[in-house]
Amino acid sequence: MATIRVECLSKREIQAIHDASLAILRDSGVMVHHDEILKLLAEAGAQVDWARHIAHLPERLIMDCVALAGKRYVLYGRSPARVARFGYGDLVLMSSPGQFAWIDAETGQRRPPTVQDLHDAIRLGDALPNVTIVGAMAVVAEVPVAYRDVFLTAELVKGTTKPTRCWVANGRTARYVLEIYRTVAGGDAALRARPMVEAFLEPIS
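Now for a quick tour of the structure. The structure presented is a predicted model; accordingly, all values stated were derived computationally and were not measured. (Residues numbered from 1 in each chain as written. Predicted model: local features only at pLDDT ≥ 70, side-chain atom pairs only at ≥ 80, totals over all residues. Heavy atoms only, no water.)

### A look at the packing of aromatic side chains
Okay, so step 1: This model, assessed by the stated rule, comprises two aromatic pairs.
Okay, so step 2: Ring centres of Tyr 73 and Phe 86 lie 4.6 Å apart, and the angle between their planes is 10 degrees; this geometry places the pair in the stacked category. One end of the pair, Tyr 73, is in strand β4 (residues 73-76); the other, Phe 86, is in strand β5 (residues 83-86), with 13 residues separating them in the sequence.
Okay, so step 3: Ring centres of Phe 100 and Trp 167 lie 6.2 Å apart, and the angle between their planes is 85 degrees; on these two criteria the pair is classed as edge-to-face. Here Phe 100, found in the loop between β5 and β6 (102-103), pairs with Trp 167, found in strand β9 (residues 164-167); they are 67 residues apart in sequence, far enough to count as distant.
Okay, so step 4: Among the residues examined, Phe 100 registers a relative accessible area of 56% and is labelled exposed.
Okay, so step 5: Relative accessible area serves as the criterion here: at 16%, Trp 167 is assigned to the buried category. (Phe/Tyr/Trp six-rings, centres within 6.5 Å; stacked < 30°, edge-to-face > 60°. Helix = DSSP H or I, 4+ residues; strand = E, 2+ residues; numbered from the N terminus. Buried < 20%, exposed > 50% of the residue type's maximum accessible area, 1.4 Å probe, protein only.)

This is the structure we're talking about:
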């Protein structure tokens, strides 16, 4: 298969983003609402403002962690033949884990997606040969928000045999989302050996 290489930024622009990121992590820091994590960060070399729950991360700590991080990994689908390989030079494309609104093709109007839209989007992602990882592409308003992400994950896993990208709302629902993948994989050890999901998480800016 041909290798596609796209360069959107120059090396100088990439370096500028890198330097700005290091400055933000060092000077502004990261707010962490978890005392145990703050303690671990302090032990690793971060300067912690305990009153404000902010960890200031020095460049050395960040770069040491980047050096230790794995550079390759594989996500697996329910079908053993359907995988997404990162760090191997493969082109990996994924569909969105969920949109809060769709533009209706017939009316041109913005509207909330339906359960039928969800099923159609998952089937489409599963069928398109260039989509490596399938997301639900719809945040279904008719499903209560308390367990919406769990519902979306269940429908996603049932609807595609490819690796998946799910949306996780909070720590409470994350337990159920993880249990879905444990069940499909055949247990905790099997899921660790063959991870199936890339979770979409958003920090609070």
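### Some thoughts on the sheet that holds strand β10 (residues 197-200)
Whenever strands of a sheet pair, they do so through backbone hydrogen bonds, lying parallel or antiparallel.
Okay, so step 1: Overall, parallel pairing links the three strands, which are arranged β8-β9-β10 in an open sheet. Edge positions in the sheet fall to β8 (134-135) and β10, since each of these pairs with one other strand and no more.
Okay, so step 2: When β9 meets β10, the two strands line up parallel, connected through four bridges. Paired with Trp 167 across the strands is Phe 200, a residue of β10. (Pairing = 2+ DSSP bridges.)

### Thoughts on the packing of helix α5 (residues 148-159) against helix α6 (residues 171-185)
Packed helices, taken two at a time, are described by their axes: the angle between them and the distance between them.
Okay, so step 1: At their nearest, the axes of α5 and α6 sit 9 Å apart, and the two run at 15 degrees to each other. On the basis of the axis angle, α5 is roughly parallel to α6. The hand of the α5/α6 crossing is right-handed. Here Asp 149, Val 150, Thr 153, Ala 154, Leu 156 and Val 157 of α5 lie close against α6, whose contacting residues are Thr 173, Tyr 176, Val 177, Ile 180, Tyr 181 and Val 184. (Axes fitted to C-alpha atoms, helices over the stretch in contact; angles between N-to-C directions. Parallel < 35°, antiparallel > 145°, perpendicular 65-115°, else oblique. Left-handed = near helix turned anticlockwise from the far one by under 90°. Contact = heavy atoms within 4.5 Å.)

### Examining the sheet that holds strand β2 (residues 47-49)
Okay, so step 1: The strand order β1-β3-β2 describes an open sheet built from three strands, whose pairing is antiparallel. Every interior strand has two partners, whereas the edge strands, β1 (30-31) and β2, have only one.
Okay, so step 2: With respect to the sheet, helix α1 (residues 11-28) is in contact with β1 and β3 (54-56), its orientation differing from that of β3 by roughly 130 degrees.

### Overview of unusual backbone geometry
Okay, so step 1: Of note, His 53 is a non-glycine position whose phi angle comes to about 60 degrees, a positive value.
Okay, so step 2: Tracing the chain through its elements places His 53 in the loop between β2 and β3.
Okay, so step 3: One non-glycine residue with positive phi stands out, namely Met 137, at about 65 degrees.
Okay, so step 4: Positionally, Met 137 belongs in the loop between β8 and α5.

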